[in-house]
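Observations on the model geometry
Letter by letter, the chains look like this.
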Amino acid sequence: MEGTPVTESHKRDRRQAVLNSQLMKELMETSDEEESDQDDLEEERPKKRAYRGQKQSRRGGEGEKESTAKTKRPSKNAAAKFDIGTSSLIEIIKNKPKFVGEAALKWLERYEANPVDGLNELLLTMFEACGVTLDLDEESYMELDVDDVVKEMLSKAKQGLMEDYLGAKKDGRMFKENLLSFWDTLVCESQEGALFDQQLMEKVMDYVIALSCTPPRIFRNVATLIGLQLVTSFVSVAKTLGQSRETAQRQLNAEKKKRKEGARIESLNKQLSEKHEKITMVEEMMRKIFTGLFMHRYRDVDSEIRQACISAMGSWIVSYPSLFLQDLYLKYIGWTLNDKNPEVRNSSIGALQALYEVDDHVPSLSLFSARFSNRMVEMADDVDLTVAVNSIGLLKQLLKHQLLNDDELGSLFDLLIDEAPQIRLAVGDLVYDHLIAQSSEGEDDEDLTGQLERVLRILREFCADPILCDYVIDALWDKCSAMKDWKCMITMLLEDTTSKELNEEDTTILVRVLLASVKKAVGEKIVPSTEQRKSNFLPKAQKEAQENRKREMTLAMVKSHAKLLRKYLADNAKVSAIIEIGMYMQLELYSLKRQEQNFISVLQLIKDAFFKHGDENILKTCIKVLSFATNESQGDLQDSANQVIKETADDLLVKLRSAITQAGESEDDYSLTVNLRRLYQLQLAVNISDNHLFTDLQGILNDYSNLEDEVIRLVLSNMFLHLAWGLKSIDLDNPDDNLVKEVLTKRDKLMEQLQSILNSLLDSWQQDDARNILTCTMCAILSDLWSLFSQAKLEGTKLQALSYCPSKQLLEQFWKLCEYRLSAPDGSEEEIPEEPQAVEYMNEKDAVVSCAAKLIAHDLVPKDHLGPALLSHFILHGKIVEETVKQLLTQVKKYSKLEDLSHIYLDAMKRAYERHIEDVAGSDEDVTRSESYVACKELGDRLAGTFFGFQRKEFRPSILGIVKGGIDFALNNAPKRVSFLEVGVLQFAQKLSAADIKDIVTNVEKQVEEMDVDADPSSWQPYFSFVEALREKIARAEPIGKTLYTPRVYSMKRCFQSEL
C-alpha cells in the first residue's frame, strides 16, 4: 500500500529479486558464449526452469534443437567456473565485468550485516584500485585518521609499490568502466538504506577527496573518477527521489480534497518529509564532492582529469538543472574553454552544446552567454580541427536562440574560404541557416530566387577572386537547394537584368555559381582536396543520385544552353563559364529529346566564340568542349561535331595566312598573335593535316625580324605540335618511308630554329636582358623534342632513322639557359604561359627543373653533365623545386649503376663548392658564415641523407667512391680546397661503418704526411676537424675497453705555435 514505510524484509526481498534477475541474465549470457560439455550436462539437471517467455537457444543441428535447449544449464556450469564469493572486489572489477553489479549487491548485504567489516572491505578496494595494497589492520580503518592512511599510501608509492590499472594498454579501459559501474550500482542500490546512514558515504567521500589531492597521478585519477561517478549516481538518486516526492505531493493534494485529516494524510506527509530530507542530504553530498574535489581537479596538470571533470559537470547540469544550472557551476565550463589541451576544450564545447540543446535552459544561460560568447566565436578558428568544427556548431545554437549579434560574426564568415573542408562546411551550414534560409521576419523563405539573391550578396565580398568564390560555393552547396534549381538560375540569367536588382557584377557571379553547381552535381571537385577517391568508386546509391542530378541538369540545359550563349557570347567574363557547362552534360539526351538542332546551334556558337575572343582561357574552353562533343557523342551528333571541328580548322588556317601576310604590311602583330594562340589550342586537341602549315610557320621566323617573344614562343610551340602529330601518324609496325623522311626534315629544320634562338637567348641573358617567357618555352620544347626522338627509345626499332641525341655542347647550352632562369629573381611581370608540358600552377623555376629532370630520370640524354648540374641546385629554389629534385634522386638511385651514382653525387658537390669559391673570392670575412658555404654544406647533408638504414650497406660502393673522390679533389689543390672535406665529404663518410672510416682516416693521414700543414695552419683547420669528427664516429662505434687503433693527436696548441 502506498505510503507504508519500507521494512527491512521488504528491502531484502527487493534486493534478492534484483540479484536473481541479474544473476540469471549474466549466467544465460555466459552459457551462450561457451559450449557446455555434453557428458556433464547429461549427469546434471537444472534446479529451475527458464523464465516464462524466455527465448530458447537454437544452436546445433536441426534434430537437436529441443535437446540442446534442455541440456544447457547455466547455473551450475557457470558457478563451477567462477565463484563470486571467493574473489575479492578488486579482482572482480579487474577481470569479471559481468559480475561487477552482482558483487556490489553482495557487498551491500555484507555491509548491512556488519558495517565495520563492510566499510573496511570497500575502502581496501578503493586503495587497491589506486594500485596500493595496505598492510594495516582492517578493523582499524574506522578509527584511523584519513590523513594517516593517505600518508601510508604515499609511502608505498614512493617505494615503487604501486600499480597503474588505468594505464594498462590492454585492460585499462575495461577496468575504468568496471570501476565506475561498481560505484554506480552501489549508490543506486543503497538509496533505501546504507546511502543515508551518515557513515558509509561520509567516510568514502573523505578518502576520495583526500586521495584526489595527492601528488601521484594514479591516485588523483582514480579518486577523481570515483568522486565524479558518485555525484553522477547521486544525481540519479536525487531524480528518483524527486519523482517520488512529486508523486507523494500529488497524492497528498488529492487526498486533502477528500478529507482534511486521517492516517492516509499523515502517512503521505511523513513520506513527503522523508523524501525531501533525503534529497537535501544527497545535494549536500554533491556539494561536498564539488567543493573538495571538483574545484581543485578541474585545473589538474593531467589533461585527462580535467577532461573528466568538465564532461561530468556538463552531464550534471543537463541531468539536474535545479541544483547545477547556475553561474556558480557554469563558470567552470566557461573557464576551460581556454584550456591548452584540445580534448578538454572539446569537452567544454560538448557540454555547452548539450545545455543549449534544451530550450528551457536558455533563459538561465543569458549571463553566461554574454560573458563567454567572444571566446566561443574565437574558438571557431581553433588550431584543433575538431574543436573548431564543434565550436561552429555551438555558435549555430547561440544564433538560433538569438544570443549573438551579427556584428560578432564578422571573423566567422572568413572561414568560408578556409582550407579545411570540415570547417568550410560547418560555417556554410551556419551561414545558410542564419542568412540564406531565413527571411527578414525569421520565417522559412521558400522563394528560391530570394535565396539566390542572398547567396549573391555574400559572394560579392569575394568576387575579385574566382577561386575564393568557388570555396564559398563549395561550403554552401550541400544545404542550399536554390543552387541546385537549374530552372531558377537559368531564368534569372535570361531575364532582362536592367529591370531587376541584379547588376552586371551579380550576373557574373551567378554564372560562376551555375558552373560550380553543375560541377558539384556531376561529382567534380571545385576546390583542391586531399581526397583521392574518384566517382567510379562511390557507393551505388551515391552514384545513382549523381547520375540523376546530371540528367536533371542536362534536361534543364538542352534548350537553354544555346540561349545563354547567344546572350553572353560577347561577354568576356561570362562566356567561358557558360561554354564549359557543355563538358558535364549527357549528350545522348539531345537525341532522346529530339533536340539535335539545339546541339548543332551550341557547337556553332562555341565556334563563333572561338573566333570572337583572343583570351587563352576562353580559347582553351572552346576547344575542350568541341573535343568532348566529338569524343562523347554518337551517330549524327558525332558527325555534326566532327564537321564543326573541321570547319574551325579550315577557317583558322585562312585567318592565320591572312594575318601572316598582314604582319609584313603593318607593325601590329595582334592578329598574328591571336591566330597563333588559337592554332596552338586547336593543335593540342586535333591534328591539322595541312602540308604547308609547317612551312608557313617557319617562314614567320625567317621572313620577319624583331618579332615579339610571345610570337616566337607560339610559332615554336605550334611547329613542335605539328611535328609531334606527324610522328604519331607514322605506323610503327610498317612505317611509310616518305612520312619518315618528311618528319626527319621537319625535325632538323625545327632544331635549326631552336639552335638559333637558343644562341640569341644566351646572348640576351649575358647582357642582363631577362626573357623569362621564351626561356621557359625553349627549355620545354627542347626537353620534349629530345624525349620524342630519343636515341635510347628509338634505337633498334623501325624508326631508328629518326633517333637523335644532342651533343655535349648543346646539352651544356641547354643547362646554361636553365641556370640563367633559375638564378633570376621571381616576381617578374611576365607570366608563364600554360604550356602542355607544364603542370598547372607550376612556377617557372619548377617548370625548368622538371624539363631537365625528365631527361635525366628516363635516361633520354647522357646524364654525366646534366645530372650533377641539376642536383647541385637541390635546395636553392624553394620547396617546389626541392620536391622535384627529391623525386629525381629516387629515380637516379633506383636505376643508375653504383659507379655512375657516385660520379653524379660527387660532381654535384664539386659544382656547389666551386660556386662557393667564386662567391667568396676576394672576401676577408669568415667564409663559413657565407650563404654559399651554408648552402653547400646543407646540400651535402641532404644528399648524404638519401643513404639511410639498410641502404648504407646496399650503396656502400657508391658512398666509398664519393668519399675517396672527394678526398682526392680536396687534397689535389691543398690547402685551397681543404674545406671541401668538411662541407662535401664528411657527411658521406659518416654513413660508412667504423672499419671503413678507419681505413679512410689512415689513407688521408698518409696523403697529408707529405704536405706541410704547419705552413698555413688556419687553412688546414677543416682537415683537422674532418679527421677529428671521423675519430669520434669510430669511438662511438667501438666496444668499451677495445680500441681499433691509436689515433694521431693534432693539438690546437701546435697549430697556434706554428702560426706565431
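This is a predicted model, so every value here is computed, not measured.

Scanning the protein chain for helices and strands turns up 49 helices and 0 strands. In the protein chain, the proportion of contacts linking residues at least 24 apart, taken out of those at least 6 apart, comes to 72%. Of the roughly 53,300 Å² that the protein chain leaves accessible, carbon and sulfur atoms contribute 47%.

Interpreting fine coordinate detail is not advised for predicted regions of low pLDDT. Across the protein chain, the average pLDDT comes to 83, with 85% of residues at or above 70. The low-confidence segment residues 1–10, where pLDDT is below 50, has 9 contacts with residues more than four positions distant or belonging to other chains.

So, on to unusual backbone geometry. Unusually for a residue other than glycine, Gln198 sits at a positive phi of about 60°. Here Gln198 lies in the loop between α9 (172–189) and α10 (200–212). Look at Gln198 and you get exposed, because its relative accessible area is 61%.

To continue, consider the nonpolar core. Where a protein is soluble and globular, its nonpolar side chains tend to be buried together. Of all hydrophobic cores here, the largest spans 319 residues; its most connected members are Phe234 and Phe324. Counting residues per element, this core draws most heavily on helix α11 (residues 217–258), which supplies 14 residues. Ignoring sequence-local partners within four residues, the contact set of Phe324 consists of Val231, Val235, Met286, Met313, Trp316, Ile317 and Tyr329. Ranked by size, the runner-up nonpolar core spans 5 residues in total, among them Ala248, Leu252, Ile265 and Leu268.

A cluster of acidic residues, Glu914, Glu918, Asp919 and Glu931, forms a negative patch on the protein surface. A total of 3 residues in the negative patch trace back to one element, the largest contributor, which is helix α42 (residues 898–920). Along the chain, Glu914 turns up in helix α42. By relative accessible area, Glu914 is classed as partly exposed at 42%.

With that settled, the discussion passes to the packing of helix α40 (residues 863–871) against α42. At a minimum axis distance of 8 Å, the contact between α40 and α42 shows a crossing angle of 55°. In terms of their interaxial angle, α40 and α42 are classed as oblique. As for the relative orientation of α40 and α42, their crossing is right-handed in sense. In this structure, α40 contributes Lys863, Asp864, His865, Gly867, Pro868, Ala869 and Leu871 to the contact, and α42 contributes Ile904, Tyr905, Asp907, Ala908 and Arg911.

A packed helix pair is summarised by two numbers, namely the angle formed by the two axes and the spacing between the axes. At a minimum axis distance of 8 Å, the contact between helix α41 (residues 878–895) and α42 shows a crossing angle of 145°. Note on element contacts: α42 touches α41 through Leu901, Ile904 and Tyr905, opposite Leu889, Val892 and Lys893. Here the residues of the contact of α41 with α42 are counted per class, giving 5 nonpolar, no polar and 1 charged.

All told, the structure shown has 28 aromatic pairs when counted by the stated rule. With a centroid separation of 5.9 Å and 10° between ring planes, the pair formed by Phe294 and Tyr298 is classed as stacked. Looking at Tyr298, the relative accessible area reads 11%, which means it is buried. A network of ring pairs unites the aromatic residues Phe290, Phe294, Tyr298, Trp316, Phe324, Tyr329, Tyr332 and Trp335 as a single cluster. Stacked on the ring of Phe789, the Lys or Arg Arg747 has its end atom at 5.5 Å from the ring centre. Over the ring of Phe955 we find Lys893; its NZ or CZ atom is 5.2 Å from the centre of that ring.

The subject of this paragraph is the pattern of salt bridges. Summed over all chains, the structure comprises 40 salt bridges. Put simply, Asp474 and Arg424 hold a salt bridge, and the shortest N to O gap is 3.0 Å. Here the residue Asp474 occupies a position in helix α22 (residues 466–476), and Arg424 occupies one in helix α20 (residues 421–436), the gap between them amounting to 50 residues. Each member of the pair Asp474 and Arg424 is classed as buried.

Here we come to the environment of Ser1019. Here Ser1019 shows up in helix α48 (residues 1017–1037). With a relative accessible area of 24%, Ser1019 lands in the partly exposed category. Contacts of Ser1019, omitting those with residues within four sequence positions, involve Pro975 and Val978. Polar contacts involving the side chain of Ser1019 include one to the side chain of Asp1016, which spans 2.4 Å.

A separate point is the side chain of Asp669. You can see Asp669 is positioned in the loop between α31 (636–665) and α32 (670–683). As a buried residue without a salt bridge, Asp669 has its nearest oppositely charged side chain in Arg677, at a separation of 11 Å. In this structure Asp669 touches Ala663, Leu707, Glu708 and Val711, once residues within four positions along its chain are discounted.

Moving on: α22. One turn of the α-helix equals 3.6 residues, which is why residues spaced by three or four share an orientation. Those residues of α22 that sit buried are Cys469, Tyr471, Val472, Ile473, Asp474, Ala475 and Leu476. Those residues of α22 that are buried are in contact with α20, α21 (448–459) and α24 (504–521). Of the residues that open α22, the one with a side-chain oxygen 3.0 Å from the backbone nitrogen of Ile467 is Asp465.

On to helix α12 (residues 263–297), then. Across its 35 residues, α12 extends 50 Å between first and last C-alpha, which sits within 8% of the 51 Å expected from 1.5 Å per residue. Its axis deflected by about 40° at Phe290, α12 carries its strongest bend there.

As for its placement among the helices and strands, Ala1015 is situated in the loop between α47 (994–1009) and α48. Note on Ala1015: relative accessible area 59%, which makes it exposed.

Before going further, it helps to examine the environment of Leu228. Along the polypeptide, Leu228 turns up in helix α11. Since its relative accessible area comes to 5%, Leu228 is described here as buried. Leu228 sits 66 residues away from Phe294 along the chain, and the two C-alpha atoms are 8.0 Å apart. Apart from the residues lying within four places of it in its own chain, the contact partners of Leu228 are Leu293, Phe294, Ala308, Cys309, Ala312 and Trp316.

What counts and how
Residues numbered from 1 in each chain as written. Predicted model: local features only at pLDDT ≥ 70, side-chain atom pairs only at ≥ 80, totals over all residues. Heavy atoms only, no water. Helix = DSSP H or I, 4+ residues; strand = E, 2+ residues; numbered from the N terminus. Contact = heavy atoms within 4.5 Å. Areas by Shrake-Rupley, 256 points an atom, 1.4 Å probe, with all protein chains shown as cover. pLDDT = per-residue confidence, 0-100. Buried < 20%, exposed > 50% of the residue type's maximum accessible area, 1.4 Å probe, protein only. Core = buried A, V, L, I, M, F, W, Y, C linked by side-chain atoms within 4.5 Å. Patch = residues over 30% accessible without salt bridge, like charges linked within 9 Å, V, L, I, M, F, W, Y side chains within 5 Å. Salt bridge = Lys/Arg side-chain N within 4 Å of Asp/Glu carboxyl O. Lys, Arg positive; Asp, Glu negative; His and termini not counted. Charge placed at Lys NZ, Arg CZ, Asp CG, Glu CD. Axes fitted to C-alpha atoms, helices over the stretch in contact; angles between N-to-C directions. Parallel < 35°, antiparallel > 145°, perpendicular 65-115°, else oblique. Left-handed = near helix turned anticlockwise from the far one by under 90°. Nonpolar A, V, L, I, M, F, W, Y, C, P; charged D, E, K, R; others polar. Phe/Tyr/Trp six-rings, centres within 6.5 Å; stacked < 30°, edge-to-face > 60°. Lys NZ or Arg CZ within 6 Å of the ring centre and 35° of its normal. Polar contact = N/O pair within 3.5 Å; in protein donor to acceptor, adjacent residues only side chain to side chain. Expected span 1.5 Å × (residues − 1). Bend = angle between axes of the 7 residues up to and from the residue.

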